[in-house]
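Given next are the chains, with one letter for each unit.
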Amino acid sequence: MTASVQYYCPCLSATPHPPPSNLASSSYSFHPLHSLFFCEECDAVRCNRCVLVEVSGYYCPNCLFEVPSASVRAEKNRCARNCFMCPNCQNTLSVVASDPPDTEDSRSSPIVISTVGEPPFFLYCNHCRWDSAEVGITFEKPTGLAAQLQKFEDMAPESLEFERLKEYYEPQLPAASSALHRSVSGVPNFNGLSRSRSSREKGHRTKKEEESVYSARVEAGSSKGLASGSGGDADVDFLKHLETVSEVAALEQRWVNSWTTSLHTSDLKPFRIPLHSKKSKRCPSCRHILIKPEQKAQSVKYKIKLVAANYLPAINVTLPHAQAAIEMIKRSSTMNRQNAAAIVEEHSSAAAGNMLAGKTYPFHLAFTNPLYDPIQVRLHVQRAVPASDPAEKTRRPPFAVTLPSSAFTVNAYTETWGLEEEDDDDMFGGEDDEFDAARSGQKDAKARGRNVAIIERRANITVIGGEVMIAKEAKGNVKFNMLVTYTYRSDDPEPTDPSLSPSKSKGSKAPEIKTFSFYTVVELGKIVPREEPKPEAD
Amino acid sequence: MENPVYYSRAEYIETDTGNKVSRRATIAGPQNIILGGKTIIASGAIIRGDLRRTGPGHAVVISLGRYCLIGEGCVMRPPYKTYRGNFNYYPMKIGDHVHIGANSIVEAATIGNYVEIGKNCIIGKFTIIKDCAKIADNTVVPPNTVVPAMALFSGSPGRFVEDLPESTSEMIEAQTKGYYARFQPLPTER
């Protein structure tokens, strides 16, 4: 396990404060930064759990054909071209021709044979070698196979029954749904499944059909006419005489079907490949679009893309002691063998981010500013809920985290940072005031530890040091919630004088300075009890 | 910040465009291979540029874009098939920002930009991998598979697992550029 920082989305709770990080359920509220969105209207972070998702287009994942939404329903959400899925391993199938008959003239014209091939054609899986001839599906022509297969699908008794049910209930739907619409607010009024039927016809049939009783094609409960797998005597018989487990189709192979299907592996039919969709995403509260993909199915560009990574500073956490341990392991590979094994043994625990109880560890947080303006960042560790009950006190986190208490600057992002790498020494020229601030931060940190300070500043990245003190009897993970507050100048295109900004942001509240804060959870590693400094071999 | 990845200066050849090719990699038919620049070929990799299309003239067999990484022990081999009775090799085209993990075997026809392929994968013949796709470690992608854009594939046979986040291209770009920046010669030979 490595150290990580995840960002909080408040969509699951009523309060803006995240749940304590030691609760297992809190992990559902925290997400990696790159999976989050940012709504500019609401000035809030949004996650995949709370955004409204709309389908903006369908495509086949195999032939990449963009299916117009009108034909999606008719083709039952599956590809209507020559894309099929192996029922055995879910790989895509390829159409192959039968072997040509061994005659002399086939030799003389190999070109004709290899382009068209000999009927019958069948579907073949490149991975598990399943072929459709096994289940008796062969084709005379290598084209239009999907239409032929869909005919099979539509002929299934369950499918016919469903069509019949739909036909029976469709005229009654508008009345029922408008009644529902009246009594339950929020349920949209239903306006007909099939647009082909005229509304007038619907209107006058409704009354009559309400009285008639639905008569099923197949009597409910009887397994007659339905495929096996519905629990009849035939299935019992089949299972009694089972010889190998692979004769029974696995659940994975059966549940992709719309209906209950046969238990026999030998009855599995090829599927047309289900379509995939491109999605656009909206903010749940203001309905503004956060993600809008381009029309083209395979394009990875977006017309609108408001992701949190472009608004919030990225935080990277590193553990110097774990890195040192990794370095030792690497170096040991060049040493003699006996020594190396001992060193690897000694350091593998630390390299995995494990921490000994009762010790103090430094850690580094690197802040990367994505904005074109410098930001002032201030950090707070979220304390546990104040314990009113003395018994509660024992349950406070078994470690104490120290972070620099003063605000620090992260420089603005400019396009040129990416070009030159390390040669930004002149950057530090006019920033003596900044460093004084950093030094004073160091001074007041001295009481707690020399590691709590600004460690490094280059380009749009500032690295700060923190320290975690682990109690003697601690166990579990070092994991804490951290509130990050940053202020930035929104409208000023000119870079503010960095030597002035710290005092300014503290003192006067200029209208163009905006503040945004968000919660993160920082996970540093596992606490190893003191009694056994080396991890058990597992 | 993350630690640099050091290599010994003697092992790697650096070209004018910033490609870093290990002397321990097997590059067959180098005249048929194009490297886009800032691409790393790690030690033990095998790139078969010699398996060219039959016929006269110059043929590009394998082309790699910028900021690619061919991991240790990878095998890159152009796909082949018998079409109309003729056996032939077909070119392999790989886009920018493509990382291929250690010990993977790649026989794909096309790999798009920002693609990440894990360790110990087998990418079957004529596979087409679109932009921003990801192949998890230990995946076997059967021949002729199409991996759509922004998809994560894993398992054997490789199957669609989930859609990747919208910011994948930026993430992969930062990752590949970061890796290239961190991949530097040992400052002093110890």
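Everything numeric here is computed off the predicted structure, so don't read it as measured data.

Analysis parameters
- Per chain, residues are indexed from 1 in the order of the written sequence.
- The order in which chains are written sets their letters, starting at A; the order in which ligands are written sets their numbers, starting at 1.
- Residues qualify for local features only when their pLDDT is at least 70, as the model is predicted, and side-chain atom pairs are given and counted only at 80 or more; totals for whole chains, interfaces and linings, by contrast, use all residues.
- Here a strand is any run of E in DSSP of at least two residues, a helix any run of H or I of at least four, and the numbering for each starts at the N terminus.
- For the radius of gyration, the atoms used are the C-alpha atoms, and the globule rule reads 2.2 Å times the number of residues raised to 0.38.
- Exposure criterion: with C-beta atoms placed from backbone coordinates, a residue whose C-beta has 20 or more other C-beta atoms within 10 Å is buried, one with 12 or fewer is exposed, and one in between is partly exposed.
- Throughout, a residue-residue contact means that the two C-beta atoms, derived from backbone geometry, are no farther apart than 7 Å.
- When residues are grouped by polarity, Ala, Val, Leu, Ile, Met, Phe, Trp, Tyr, Cys and Pro land in nonpolar, Asp, Glu, Lys and Arg in charged, and all others, Gly among them, in polar.
- Domain delimitation follows an automatic or database domain assignment.
- DSSP-based pairing: two strands are paired if at least 2 bridges between them are found.
- Take the buried Ala, Val, Leu, Ile, Met, Phe, Trp, Tyr and Cys residues, join any whose C-beta atoms are within 7 Å, and the set you get is a nonpolar core.
- One confidence number per residue, pLDDT, is output by the predictor and ranges from 0 to 100.

Before we move on, could you go through the overall build of chain B and cite the residues and values that matter?
Secondary structure assignment for chain B yields one helix and 25 strands. Against the globule reference of 16 Å for 190 residues, chain B gives a C-alpha radius of gyration of 16 Å, in line with a compact fold. In terms of principal-axis extent, the alpha carbons of chain B reach across some 55 × 40 × 25 Å. Evaluated residue by residue, chain B yields a buried proportion of 45% over its 190 residues.

Go over the overall build of chain A with me, naming the residues and quoting the values.
The number of helices and strands found in chain A is 13 helices and 23 strands. The 538 residues of chain A split such that 28% are buried. Within chain A, contacts between residues separated by at least 24 positions form 71% of all contacts whose residues are at least 6 apart in sequence.

Mind laying out the interface of chain B and chain A, listing which residues take part and the relevant values?
If you look at the interface, chain B gives 25 residues, while chain A gives 28 residues. Within the residue set of the side of chain B that touches chain A, elements represented by two or more residues are β24 (159-163) and α1 (168-182) of chain B. For the side of chain B that touches chain A, the leading source of residues is α1 of chain B, giving four residues. Within the side of chain B that touches chain A, the residues separate by chemical class into 13 nonpolar, six polar and six charged.

Please give an account of the domain arrangement of chain A that cites residues and values.
Domain annotation of chain A identifies domain 1 (4-36 + 312-528), domain 2 (37-58 + 278-306), domain 3 (61-156 + 227-272) and domain 4 (160-211). Counting residues at the interface gives eight residues for domain 1 of chain A and eight residues for domain 2 of chain A.

Talk me through unusual backbone geometry; I want residue IDs and the actual numbers.
All names here are of chain B. The omega torsion across S156 and P157 is -5 degrees, close enough to zero to call that bond cis. Tracing the chain through its elements places P157 in the loop between β23 (151-154) and β24. The backbone phi angle of M150 is positive, close to 60 degrees, even though this residue is not glycine. The topology assignment puts M150 in the loop between β22 (146-147) and β23. M150 gets classed as buried once you count the C-beta atoms within 10 Å, which come to 24.

Could you give an account of the pairing of strand β11 (residues 80-83) of chain B, with specific residues and numbers?
Residue and element names in this part refer to chain B. In the sheet, β11 pairs with strand β12 (residues 86-89) via four bridges, with the strands oriented antiparallel. Bridging from a neighbouring strand, T82 pairs with F87 of β12. In this structure, the hairpin formed by β11 and β12 is closed by a connection of two residues, where R84 is found at a positive phi of approximately 55 degrees.

Requested: an account of the nonpolar core, with residues and values cited.
All names here are of chain A. If you look at the biggest cluster of nonpolar residues, it comprises 61 residues, and the most contacted ones within it are Y7, L36, F37, V45, A308, V377 and V468. Broken down by element, the residue count for this core peaks at seven residues, all from strand β23 (residues 513-528). Viewed by domain, this core spans two of them, domain 1 (4-36 + 312-528) and domain 2 (37-58 + 278-306), each represented by three or more residues.

Go over the sheet that holds strand β3 (residues 20-22) of chain B with me, naming the residues and quoting the values.
All names here are of chain B. Strands sit in the order β2-β3-β6-β9-β14-β17-β20-β23-β24 across an open sheet of nine strands; the sheet is mixed. Both edges of this open sheet fall to β2 (12-14) and β24, since each of them pairs with a single strand only. Across two bridges, strand β6 (residues 40-41) lies against strand β9 (residues 69-70) in parallel orientation. When the bridges of β9 are listed, I41 appears paired with I70.

An account of the sheet that holds strand β5 (residues 33-35) of chain B is needed here, citing residue identities and associated values.
All names here are of chain B. On the basis of which strands lie adjacent, the open sheet formed by six strands has the order β5-β8-β13-β16-β19-β22 and parallel pairing. The outermost strands of the open sheet, each flanked by one partner alone, are β5 and β22. Examined bridge by bridge, strand β8 (residues 62-64) and strand β13 (residues 92-94) share two bridges and lie parallel to one another. Note on β13: the bridge partner recorded for I62 is M92.

Which residues make up the confidence of the model for chain B, and what are the values?
Mean pLDDT over chain B: 91, with 98% of residues reaching 70 or higher. Here the predicted complex scores 0.79 on pTM and 0.89 on ipTM.

Please set out the environment of C121 of chain B residue by residue, giving values where relevant.
Residue and element names in this part refer to chain B. When you line up the elements, C121 lands in the loop between β17 (116-117) and β18 (122-123). Along the chain, C121 and G101 lie 20 residues apart, while their C-alpha atoms are 8.0 Å from each other. Beyond its immediate stretch of four places on either side in the chain, C121 contacts G101, S104, I135, N138 and T139.

I'd like a description of the pairing of strand β1 (residues 4-8) of chain A, backed by residues and values.
Residue and element names in this part refer to chain A. Among the five residues in β1, four count as buried, and that is most of the element. With four bridges joining them, β1 and β23 adopt antiparallel strand pairing. If you follow Y7 over to β23, its bridge partner there is T520. Sheet analysis places β1 next to strand β2 (residues 30-31), joined by two bridges and oriented antiparallel. Looking at β2, one finds that Y8 is bridged to F30.

Residue-level account of the confidence of the model for chain A, with values.
Residue and element names in this part refer to chain A. Mean pLDDT over chain A: 74, with 70% of residues reaching 70 or higher. Within chain A, the lowest mean pLDDT, 39, falls on helix α13 (residues 501-506), and the highest, 93, falls on strand β12 (residues 289-293). Here residues 192-206 is modelled with pLDDT under 50, and outside its nearest four sequence neighbours on either side it reaches ten contacts, counting other chains as well. Counted against residues more than four places away or in other chains, residues 420-448, with its pLDDT under 50, gives 24 contacts.

Would you mind going over the environment of I315 of chain A in detail, with residue names and values included?
Residues and elements named next belong to chain A. Within the element layout of this structure, I315 appears in strand β14 (residues 314-318). Along the primary structure I315 and F367 are separated by 52 residues, whereas in three dimensions their C-alpha atoms are 4.7 Å apart. In this structure, I315 is in contact with V5, L365, F367 and T520, ignoring residues within four places of it in sequence.

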